[in-house]
Amino acid sequence: MRLDGLRLLVAGATGVLGGGIALAAVEGGARVVPAGRDLQRLAEVARRLGGPPGLVFEAYDLDACRELAPAAADLLGGLDAVLVAFGVVAFGRAEDMPAPVEEHLMAVNALAPMSVLGGAVHVIGREGAIGALSGVVVDRPTPDTAAYGASKAALCGWLSTVRVEQRRNGITVLDARLPHLDTGLADRAVTGTAPRLPRGARTGPWTTAVLDGLVSGAALLVPDPATGRARLLMQEPRPTRTATPR
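All values derive from a computational prediction rather than experimental measurement. (Residues numbered from 1 in each chain as written. Predicted model: local features only at pLDDT ≥ 70, side-chain atom pairs only at ≥ 80, totals over all residues. Heavy atoms only, no water.)

Student: Mind showing me how you'd approach the state of the cysteines here?
Tutor: Under the defined criterion, the tally for this structure stands at zero disulfides. Unpaired in terms of disulfides, Cys65 finds its nearest cysteine sulfur in Cys156, a separation of 18 Å. (Disulfide = S-S within 2.5 Å.)

Student: Please explain the packing of helix H1 (residues 16–27) against helix H7 (residues 204–216) as it appears in this structure.
Tutor: Helix-helix packing is characterised by the crossing angle of the two axes and by the distance between the axes. As a packed pair, H1 and H7 sit with axes 9 Å apart at the nearest point and diverge in direction by 60°. Here H1 and H7 pass one another in a crossing that is right-handed. Across the interface between the two elements, Leu17, Gly20, Ile21, Ala24 and Ala25 of H1 pack against Thr207, Val210 and Leu211 of H7. When its residues are assigned to classes, the contact of H1 with H7 shows six nonpolar, two polar and no charged. (Axes fitted to C-alpha atoms, helices over the stretch in contact; angles between N-to-C directions. Helix = DSSP H or I, 4+ residues; strand = E, 2+ residues; numbered from the N terminus. Left-handed = near helix turned anticlockwise from the far one by under 90°. Contact = heavy atoms within 4.5 Å. Nonpolar A, V, L, I, M, F, W, Y, C, P; charged D, E, K, R; others polar.)

Student: Honestly, a negative patch on the surface in this entry has me stumped. Any pointers?
Tutor: A grouping of Glu58, Asp61, Asp63 and Glu67 is seen on the molecular surface, where their side chains present a negatively charged patch. Within the secondary structure, Asp61 is located in the loop between strand S3 (55–56) and helix H3 (62–66). Classification of Asp61 as partly exposed rests on a relative accessible area of 37%. (Patch = residues over 30% accessible without salt bridge, like charges linked within 9 Å, V, L, I, M, F, W, Y side chains within 5 Å. Areas by Shrake-Rupley, 256 points an atom, 1.4 Å probe, with all protein chains shown as cover. Salt bridge = Lys/Arg side-chain N within 4 Å of Asp/Glu carboxyl O. Lys, Arg positive; Asp, Glu negative; His and termini not counted. Charge placed at Lys NZ, Arg CZ, Asp CG, Glu CD. Buried < 20%, exposed > 50% of the residue type's maximum accessible area, 1.4 Å probe, protein only.)

Student: Sorry, what's going on with unusual backbone geometry here?
Tutor: Across residues other than glycine, the phi torsion is negative in most instances, and most of the peptide bonds are trans. Not every positive phi belongs to a glycine, and Glu127 is a case in point at roughly 70°. Tracing the backbone shows Glu127 in the loop between helix H5 (99–121) and strand S5 (129–133). For Glu127, a relative accessible area of 54% puts it in the exposed group. Its identity as a non-glycine residue notwithstanding, Asp144 has a phi of 75°, on the positive side. As for its placement among the helices and strands, Asp144 is situated in the loop between S5 and helix H6 (146–165).

Student: Would you take a moment to explain the nonpolar core for this structure?
Tutor: It is characteristic of soluble globular proteins that their nonpolar side chains tend to be buried jointly. Formed by 42 residues in total, the largest nonpolar core has its most connected members in Leu9, Leu79 and Val82. Listed by contribution, the elements that provide at least two residues to this core are strand S1 (7–11), strand S2 (31–36), helix H4 (68–76), strand S4 (81–84), H5, S5 and H6. Take this core: its biggest share by element is seven residues, from H5. The contact partners of Val82, leaving out residues within four places of it in the chain, are Leu8, Leu9, Ala69, Val116, Leu117, Ala120, Ile124, Ala129, Ile130, Gly131 and Leu214. (Core = buried A, V, L, I, M, F, W, Y, C linked by side-chain atoms within 4.5 Å.)

Nothing here speaks to function; it is geometry throughout.
Here it is, written out as structure tokens:
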């Protein structure tokens, strides 16, 4: 699949990462429908992209999330790829996290992306791609992020299974497990204060890597352990089997 001419829906295009990815895609020749919650910011993003109008959605309305891809396909005359680039974060020890916050994290970070991408599977053609931004917190547990990490892990588990289910249909599934980036998300936590974090990486190289992964049909995007730079994996590593103690 090529970026030039790609028909793409970016859900979460009003955010720093989603907006950067949408703009980079348009600069590469793609046609992009942005989607977001904030009507004013969405209108500004759509104007900058110079394409179809944006689609407004609310993450708690799962039925509306499932209809985003069909609506984008109507606007573009078809759809080749869908990327989910929205999410929220909260900080605090697992035993102290309020249940409503845990529910909010699961709704926004897992259930809503699952609904958007589940609806996308029905409208994108063969050789299409779906993907979502998760995070390295899935592989590298960090204190005070148990609820947040659990919501991202739920999304990753769903993506892994859908990747297997859609293999026969030629639809690839990208799980972009991004590192801590300089987006300001940690400063906008639903609750709590961020633990001591390393300096956030620049977003530019990672927006490029996400697009490369989506177009190339990669399964995972992760930081390279040696360099910290983006690394694309075409297949998700299988879990290592360990001997059962007797």
